[in-house]
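Listed here are the chains, written in short residue letters.
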Amino acid sequence: MTSTTSEPLLRIAGLSSGYGRVNVLDGIDLEVDRQEIVVILGPNGAGKTTLLNSISGVARTGAGRVTFDGRDITGAKPEHVVRLGLTHCPEGRQIFQRLTVEENLLAAHIGRGGKSFETLRAEVFELFPILKERRNGMASRMSGGQQQMLAIGRALMAEPVLLMLDEPSLGLAPKVVHQIFRIILDLSTAGISILLVEQNVQLALECGDYAYMLNTGRIRLHGRAQEIAAHSSLGEAYLGGATGETLHV
Ligand SMILES: Nc1ncnc2c1ncn2[C@@H]1O[C@H](COP(=O)(O)OP(=O)(O)OP(=O)(O)O)[C@@H](O)[C@H]1O
Ligand SMILES: [Mg+2]
């Protein structure tokens, strides 16, 4: 099947997945359209990371289907998924601490979209001038915010069509958090679709087009980000709501 304009870029239908014999996610339906920023919110342990891991092929998929750009990628291996243009910037950054900034970028260059390493590096350095300044420095010597920038820079080396970001603002100072969100909006403007897991609910809803609230492995609430922000059930879905129907606002 090839992509059509009516088909969402990413479609997840009835996805259940987890680790070993334990299912964490239960019947997830979610879509990301082209050029969209879609936000996944939810408390600790809700299954947000598991959801991204299931899409990128890191976690096992039980039931359901994941379609990206018209292709069925259910259960596909991470190296296959990234080659199709779906890049996962994981929780906890997971950069190579003992390599330099440049070496980290080089290791992430998979030659997917045809741009040279030099071209992509220049694009990353333009987006994050601090990485250019620190290009020969060891990743481990950088601040948390700089390491997050490097993690995003690494993801961009794979020329993503859809970029999945798992809690990019976690543990960062407010000023840096705003910088990171600014960059996410810039990437979106540049045409990259974004699937963003965030615990900073307010900023995420300001930045996102559409939002899903995940709790105990299920989507509890979903709708346009602006409407979710104004919706009184947000807190309830976030804090409890382990039973009941999915709410669409
Ligand atoms: N590798 C793993 N093996 C077994 N269980 C896991 C594994 N990773 C996560 N889990 C379990 O799956 C559930 C969902 O975890 P997950 O990390 O997806 O949540 P999360 O929403 O990303 O939480 P957080 O906000 O803390 O990052 C939790 O109960 C967790 O204990
Ligand atoms: Mg997580």
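Since the structure is predicted, the reported quantities are computational estimates derived from the model, not experimental observations. (Residues numbered from 1 in each chain as written. Chains lettered and ligands numbered in written order. Predicted model: local features only at pLDDT ≥ 70, side-chain atom pairs only at ≥ 80, totals over all residues.)

## So, the overall build of the chain
For clarity, the cut-off: For the purposes of this entry, the term helix denotes a DSSP run of H or I that reaches at least four residues, the term strand denotes a run of E that reaches at least two, and both are numbered from the N terminus. The atom set for the radius of gyration is the C-alpha atoms, and the globule formula is 2.2 Å times the number of residues raised to the power 0.38. Exposure criterion: with C-beta atoms placed from backbone coordinates, a residue whose C-beta has 20 or more other C-beta atoms within 10 Å is buried, one with 12 or fewer is exposed, and one in between is partly exposed.
Secondary structure summary: the chain contains 10 helices and 12 strands in total. Relative to a compact globule of 249 residues, whose C-alpha radius of gyration would be 18 Å, the chain shows 18 Å and is just as compact. In terms of its C-alpha atoms, the chain occupies a principal-axis envelope of roughly 55 × 40 × 35 Å. Looking at the 249 residues of the chain, the share that counts as buried comes to 40%.

## Quick word on the domain arrangement of the chain
In plain terms, the rule: Throughout the structure description, domain borders are defined by an automatic or database domain assignment. In this count, Pro and Cys sit with the nonpolar residues alongside Ala, Val, Leu, Ile, Met, Phe, Trp and Tyr, while Asp, Glu, Lys and Arg are called charged and the others, Gly among them, polar.
Here the domain parsing of the chain yields domain 1 (1-85 + 160-249) and domain 2 (95-159). Domain 1 and domain 2 are separated by 24 Å when their C-alpha centres are compared. Elements supplying a minimum of two residues to the side of domain 1 that touches domain 2: α2 (78-83) and α7 (174-189). The greatest single-element share of the side of domain 1 that touches domain 2, amounting to three residues, is contributed by α7. Residue composition of the side of domain 1 that touches domain 2, grouped by class: nine nonpolar, two polar and one charged.

## Side note on the environment of Leu106
Mapping Leu106 onto the fold places it in helix α3 (residues 101-108). With 68 residues separating them along the chain, Leu106 and Val38 place their C-alpha atoms 29 Å apart.

## Quick notes on the environment of Glu133
When you line up the elements, Glu133 lands in helix α5 (residues 129-133). On the basis of neighbour count, Glu133 is assigned to the exposed category, with 12 C-beta atoms found within 10 Å. In the structure, Glu133 is positioned 32 residues away from Val101 in sequence and 9.7 Å away in space, judged by C-alpha atoms.

## Details of helix α1 (residues 48-56)
In terms of burial, α1 is a largely internal element, eight of the nine residues being buried. Within α1 the residues assigned to the buried category are Lys48, Thr50, Leu51, Leu52, Asn53, Ser54, Ile55 and Ser56. Following α1 by one or two positions, Gly57 adopts a phi angle in the positive range, close to 90°.

## Notes on the site of ligand 1
Convention followed: Here is the check we use: build the C-beta atom from the backbone, and if it is within 6 Å of the molecule or strand, call the residue near.
Taken together, Tyr19, Val24, Gly42, Asn44, Gly45, Ala46, Gly47, Lys48, Thr49, Thr50 and Glu91 are the residues near ligand 1. For the shell around ligand 1, the element with the most residues is α1, which contributes three residues. Residue composition of the shell around ligand 1, by class: three nonpolar, six polar and two charged.

## Focus: the nonpolar core
For the record, the criterion: Think of a nonpolar core as buried Ala, Val, Leu, Ile, Met, Phe, Trp, Tyr and Cys residues, each tied to the set through C-beta atoms within 7 Å. Residue pairs qualify as contacts under a 7 Å threshold applied to their C-beta atoms, which are placed from the backbone.
Grouped together as the largest cluster of nonpolar side chains are 65 residues, with contacts concentrated most on Val39, Ile40, Leu163, Ile194, Leu195 and Leu196. If you tally residues by element for this core, the top one is helix α6 (residues 144-156), at six residues. Contacts of Ile40, omitting those with residues within four sequence positions, involve Lys48, Leu51, Leu195, Leu196, Val197, Tyr212 and Leu214.

## Quick notes on the environment of Gly62
Relative to the assigned elements, Gly62 resides in the loop between β4 (60-61) and β5 (65-68). Measuring from C-alpha to C-alpha, the distance between Gly62 and Ser17 comes to 4.8 Å, with 45 residues separating the pair along the chain. Once residues lying within four places of it in the same chain are set aside, the contact partners of Gly62 are Ser16, Ser17, Gly18 and Asn23.

## Remarks on the pairing of β5
This is how the line gets drawn: Any two strands between which DSSP finds at least two bridges are classified as paired.
Across the two faces of β5 the burial differs, with Val66 and Phe68 buried and Arg65 and Thr67 not buried at all. For strand β1 (residues 10-19) and β5, the ladder comprises four bridges, and the chain directions are antiparallel. In the sheet register, Ile12 faces β5, and the bridge partner there is Val66. Pairing between β5 and strand β6 (residues 71-72): two bridges, direction antiparallel. Directly across from Thr67, in β6, lies its bridge partner Asp72. Counting the residues in the hairpin turn of β5 and β6 gives two residues, including Asp69, whose phi is positive at 50°.

## Things to note about the pairing of strand β10 (residues 210-215)
Here is the key point about a regular strand: its side chains alternate between the two faces of the sheet. Judged by how many residues are buried, β10 sits mostly within the fold: five of six residues are covered. Relative to β10, strand β3 (residues 37-41) runs parallel, the two being bridged by four bridges. Bridge pairing in β10 links Ile40 to Tyr212. Summarising the sheet, β10 and strand β11 (residues 218-224) pair through six bridges and their orientation is antiparallel. Along β11, the bridge assignment pairs Ala211 with Gly223. Taken together, β10 and the strand that follows it, β11, pair antiparallel across an intervening segment of two residues, in which Thr216 is found at a positive phi of about 40°.

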